[in-house]
Amino acid sequence: MDKSIADLRKDYTLQDLNEKEIDQNPFIQFKFWFNQSVAAQLPEPNAMTLATCTPDGKPSARMVLLKDFDERGFVLFTNYNSQKGQEISTNPHAALVFWWAELERQVRIVGTVEKISAEQSDGYFEVRPPYSRLGAWASNQSEVIPNREFLETKLEEFQRKYENQEVPRPPHWGGFRVIPQEIEFWQGRTSRLHDRLLYTRLDDGGWKIERLSP
């Protein structure tokens, strides 16, 4: 007999998270955790959930890849005409979630969103694999298409168009930066009494750190 979903559970026991050991700068703390996830050889440690919302409050979420971060924010790339691109354009707020299961850790980020510069988008596009660059032209992301063959035919068209030449970045493709107002670090603990430390950006650019009840 299949095990009941209600009976699926895990007790988290690996580590703790306390105020004395974290960095006062959330970006440094994130880098420390991110580097640990890479060192642990987790599958796609830069995978994150991106949640966006329409102006009238309809939410949507999907998995995307983090491609850069610094103290300005967290950068991802997409088709600006996609569902997420349009939602960001009309309601420039978003949330990110990283889940590193093997380390029993989660990071939640909430903030505003801005486009990065065309030069930055060009720079990343140029280092993408050739088929990924062609795919950015072939896919009208989030639009309904009749079948798989339709997409493959479009890819072949762009292969012929850009044969033996550099594939330029489409004007509808580029990067967004999520500028955090809140960053929460979550460490799983036994008995569901998890550690949750929340950084909130202050008006002077500093950060307030508070412990949240699990």
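Computed from a predicted structure; not experimentally measured. (Residues numbered from 1 in each chain as written. Predicted model: local features only at pLDDT ≥ 70, side-chain atom pairs only at ≥ 80, totals over all residues. Heavy atoms only, no water.)

(A) Spotlight on the overall build of the protein. Check the secondary structure of the protein and you find five helices and nine strands. For the protein, the succession of helices and strands along the chain, N to C, is α-β-β-β-β-α-β-β-α-α-α-β-β-β. Considered along the principal axes of its C-alpha atoms, the protein spans approximately 60 × 60 × 40 Å. Every one of the 214 residues in the protein was classed for burial, and the buried ones make up 41%. Long-range pairs, those at least 24 residues apart, make up 65% of the contacts in the protein between residues at least 6 apart in sequence. Carbon and sulfur atoms provide 51% of the accessible area of the protein, an area that totals close to 12700 Å². Taking the 27 positively charged and 32 negatively charged side chains of the protein as two groups, their mean positions are separated by 1 Å. (Helix = DSSP H or I, 4+ residues; strand = E, 2+ residues; numbered from the N terminus. Buried < 20%, exposed > 50% of the residue type's maximum accessible area, 1.4 Å probe, protein only. Contact = heavy atoms within 4.5 Å. Areas by Shrake-Rupley, 256 points an atom, 1.4 Å probe, with all protein chains shown as cover. Lys, Arg positive; Asp, Glu negative; His and termini not counted. Charge placed at Lys NZ, Arg CZ, Asp CG, Glu CD.)

(B) Local environment of the nonpolar core. One finds Phe30, Phe74, Trp100 and Val107 to be the most contacted residues of the largest nonpolar core, which totals 31 residues. For Phe30, the contacting residues outside a window of four places in its chain are Leu66, Phe69, Phe74, Phe98, Trp100, Val107 and Phe185. With twelve residues, the next largest nonpolar core counts Leu134, Ala136, Ala138 and Phe158 among its residues. (Core = buried A, V, L, I, M, F, W, Y, C linked by side-chain atoms within 4.5 Å.)

(C) Examining the pattern of salt bridges more closely. Evaluation of the coordinates by the stated rule reveals 13 salt bridges. Close ionic contact of Asp70 with Arg72 constitutes a salt bridge, the shortest N to O distance being 2.8 Å. Arg72 sits in the partly exposed class, given a relative accessible area of 45%. With a shortest N-O distance of 3.8 Å, Lys208 and Glu210 are connected by a salt bridge. With relative accessibility at 37%, the residue Lys208 sits in the partly exposed group. For Glu210, a relative accessible area of 33% translates into the label partly exposed. Among the charged side chains, a salt-bridge network with shared partners connects Glu19, Arg189, Asp195 and Arg211. (Salt bridge = Lys/Arg side-chain N within 4 Å of Asp/Glu carboxyl O.)

(D) Local environment of the UniProt feature "domain: Pyridoxamine 5'-phosphate oxidase N-terminal" (unreviewed entry) in the protein. Under the feature "domain: Pyridoxamine 5'-phosphate oxidase N-terminal" (unreviewed entry), the UniProt entry names residues 36-159. Helix makes up 34% of residues 36-159 and strand 35%, and the two end C-alpha atoms of the span are 39 Å apart. (UniProt positions renumbered as here; feature names shortened; annotations may be inferred.)

(E) Examining the packing of helix H4 (residues 130-138) against helix H5 (residues 148-161) more closely. One can describe the packing of H4 onto H5 by two numbers: an axis separation of 9 Å at closest approach and a directional angle of 115°. The element H4 and its partner H5 pack so that their crossing is right-handed. In this structure, H4 contributes Tyr131, Leu134, Gly135, Trp137 and Ala138 to the contact, and H5 contributes Leu151, Lys154, Leu155, Phe158 and Gln159. Within the contact of H4 with H5, the residues separate by chemical class into seven nonpolar, two polar and one charged. (Axes fitted to C-alpha atoms, helices over the stretch in contact; angles between N-to-C directions. Left-handed = near helix turned anticlockwise from the far one by under 90°. Nonpolar A, V, L, I, M, F, W, Y, C, P; charged D, E, K, R; others polar.)

(F) Spatial organisation of the pairing of strand S2 (residues 59-65). Because side chains alternate across S2, one face comprises the buried residues Ser60, Arg62 and Val64, and the other comprises Pro59, Ala61, Met63 and Leu65, none of which is buried. In the sheet, strand S1 (residues 47-53) pairs with S2 via seven bridges, with the strands oriented antiparallel. If you follow Cys53 over to S2, its bridge partner there is Pro59. Taken together, S1 and the strand that follows it, S2, pair antiparallel across an intervening segment of five residues, in which Gly57 is found at a positive phi of about 95°. (Pairing = 2+ DSSP bridges.)

(G) Representation of H5. In this model H5 runs 20 Å from its N-terminal to its C-terminal C-alpha over 14 residues, within 8% of the 20 Å that 1.5 Å per residue would give. A distance of 3.3 Å separates the backbone nitrogen of Glu149 from a side-chain oxygen at the start of H5, and that oxygen is part of Asn147. (Expected span 1.5 Å × (residues − 1). Polar contact = N/O pair within 3.5 Å; in protein donor to acceptor, adjacent residues only side chain to side chain.)

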